[in-house]
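# Coordinate inspection notes
Below, each chain spelled out in residue letters.
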Amino acid sequence: MLKVRGLKGGYGGRLIVDGVDLDVAAGEIVTVIGQNGAGKSTILKSIFNMAPVREGVVTLDDQDIFPVSSYQMLTVGLAYIPQHHSVFPKLTITENLRMGGYLLSDAKLLQERVAKVEDMFPILKERRKEYAASLSGGEQRMLEIARTLIMDPKVVMLDEPSIGLAPKMVDLVFSTARLLAEAGKGILMVEQNVRRALLASDRGYVLELGQVRITDEAQALIADERVSRLYMGVRS
Ligand SMILES: Nc1ncnc2c1ncn2[C@@H]1O[C@H](COP(=O)(O)OP(=O)(O)OP(=O)(O)O)[C@@H](O)[C@H]1O
Ligand SMILES: [Mg+2]
């Protein structure tokens, strides 16, 4: 579904992502792991056309989306949830969901999509009239994910969905990602919480200095001695 080839990306002449290939299939959760500053966020920004320096090929269902502006990405089926939390705290949960459909001109369709997404997330539905600020960190992350669904994306990219969350909330966020995958979406995450993220994923890519060093099934990466030594604090 999402296919990335030879991706390069950076800022003002500084290349951070240096020739990355990756794929995300429908129904699959794929995670990019790597240390602070390895370029994980820059990969997502480069795919989403938000990096000033950018080169490569990005296709979604064989359609070339590389030239698509980030503003238009949602309309071709790609959603992106940045590292920094982005709910509108003083809007209600339903209003936040409606904001996810600001590109939809058909009011009836927007209404239908909001209702459908609320049905998918009972926690949000029950509290639909409350301010988003009243939700816990994990529930806010869930709302951010739910909000992207209003545009019915094919692939959802998540930057550090578990950062700053209590363990129980991390479970909530990763199970939300699985719910989306079961609905046929492709999920591309970047995560520092390596073990938890791999446990929640199907496949993974290990990024070092802007390049993919290892790629495998998530289970195999968890068992990989290099990965556990470098990223999971296990000493050999
Ligand atoms: N807007 C920017 N302008 C200039 N340099 C940037 C910018 N954003 C990131 N960088 C640099 O690019 C490198 C990679 O950053 P990136 O945010 O992609 O790493 P990361 O793997 O996501 O790290 P983290 O785990 O800390 O989120 C870092 O050296 C960072 O300082
Ligand atoms: Mg980052």
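Summary of the structure given here. All figures in this text were calculated on a predicted structure; none of them were measured in a lab.

## Points about the overall build of the protein chain
Per the secondary structure count, the protein chain includes 10 helices and 10 strands. Relative to its length of 236 residues, the protein chain is compact, with a C-alpha radius of gyration of 17 Å against a globular reference of 18 Å. With the C-alpha coordinates aligned to their principal axes, the bounding extent of the protein chain is approximately 50 × 40 × 30 Å. Taken across its 236 residues, the protein chain has 44% of its residues classed as buried. Contacts in the protein chain between residues far apart in sequence, at least 24 positions, make up 66% of those at least 6 positions apart.

## As for the site of ligand 1
All residues adjacent to ligand 1 are Tyr11, Ile16, Gly34, Asn36, Gly37, Ala38, Gly39, Lys40, Ser41, Thr42, Gln83 and Gln192. The element that contributes the greatest number of residues to the shell around ligand 1 is helix α1 (residues 40-47), accounting for three residues. Here the shell around ligand 1 is composed, by residue class, of three nonpolar, eight polar and one charged.

Parameters at a glance
- Residues numbered from 1 in each chain as written.
- Chains lettered and ligands numbered in written order.
- Predicted model: local features only at pLDDT ≥ 70, side-chain atom pairs only at ≥ 80, totals over all residues.
- Helix = DSSP H or I, 4+ residues; strand = E, 2+ residues; numbered from the N terminus.
- Rg over C-alpha atoms; globule rule 2.2 N^0.38 Å.
- Buried ≥ 20, exposed ≤ 12 C-beta atoms within 10 Å, placed from the backbone.
- Contact = placed C-beta atoms within 7 Å.
- Near = placed C-beta within 6 Å.
- Nonpolar A, V, L, I, M, F, W, Y, C, P; charged D, E, K, R; others polar.

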